[in-house]
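Results of the structural survey
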Amino acid sequence: MTRSLRTPIALAAGLAVAFGPVTGAALAEPPVASAVAFDRSLNLQGVQNARDIGGYRTATGKTVRTGLVYRTGQLNNATPADLTELSSRQVRVVDDLRTVYERAIGPDKVPAGATANWDDVIGQAPPEVMASTLTGGDSLYRAFITAPGANEAFASVLRDIIDTDGSVLFHCTAGKDRTGWTAAVLLTVLGVDRDTVNQDYLLSNQYRNANPNDPINGVQQPWLDAAFDQANQTYGSFDNYVRAGLKLSDADIAALKTKLLA
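Residues numbered from 1 in each chain as written. Predicted model: local features only at pLDDT ≥ 70, side-chain atom pairs only at ≥ 80, totals over all residues. Heavy atoms only, no water.

Quick notes on helix 7 (residues 178-190)
Across its 13 residues, helix 7 extends 19 Å between first and last C-alpha, which sits within 8% of the 18 Å expected from 1.5 Å per residue. Among the 13 residues that make up helix 7, 12 are buried, leaving the element largely enclosed by the rest of the structure. Of the residues making up helix 7, those classed as buried are Arg178, Thr179, Gly180, Trp181, Thr182, Ala183, Ala184, Val185, Leu186, Leu187, Val189 and Leu190. Looking at the residues trailing helix 7, positive phi occurs at Gly191, about 100 degrees. (Helix = DSSP H or I, 4+ residues; strand = E, 2+ residues; numbered from the N terminus. Expected span 1.5 Å × (residues − 1). Buried < 20%, exposed > 50% of the residue type's maximum accessible area, 1.4 Å probe, protein only.)

See the structure below:
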């Protein structure tokens, strides 16, 4: 999926500075009451914020299966060992949520056996929104709901998860904002409670070694709240956002649950 893009070259240069190679090992995860205890980290050397989205319990007592969906930062610095690890995890689709400029700065290295898809989230958003990929914030997260092409991009990831025989990896640049909303949507659709969705989202701060209130390297709870709020404002409810915005049918939702819940 490609989009027409209007982002300043200065933004491209800034992205290269803001999201370079991994700078440190992730800290230990805090306990999450509604998660199954397992090593969520993919333990990659050149890919930031790389983790399994599974292991969380739903409100109905089911568990999100592990080994089927992964969330990461960009793959441009993936080492040969990283790519071998992703291949061994049966990654068959890589969904890239970045703009054309981000992709030009850091082209993905795709594991053998995987197909790369481009699902640009904010390429058609106003320049000031695209610039906020450097700093996060409410306006960026609200644009996940309102920007032209954003719904199609997020929906494409969810449909890839349904259709792929193997596992799906989705990512943006830092693996925290666009990727964070994708993960939040998926987990919420599966029936994971909001507190647990929030905790999964905030783990980016530990995986990226972000200091408190560090908008470039970390995430903040009000940002995710803004996206959920915008979904409610625009569509009346999160369920309506999924059905009318993302255009997932009841059959699509059932397929996601059948594949990912145990």
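Focus on the pairing of strand 3 (residues 91-96)
Most of strand 3 sits inside the fold, with five of its six residues counted as buried. Sheet topology note: the strand 3/strand 5 (residues 167-171) ladder contains five bridges and is parallel. Of the residues in strand 5, the one forming a bridge with Val94 is Leu169. Alignment of strand 3 against strand 4 (residues 115-118), held across four bridges, turns out to be parallel. Within strand 4, the residue paired with Asp96 across the bridge is Trp118. The parallel pair strand 3 and strand 4 is bridged by helix 3 (residues 100-105), and the resulting crossover is right-handed. (Pairing = 2+ DSSP bridges. Right-handed = clockwise from strand over helix to strand, strands pointing away.)

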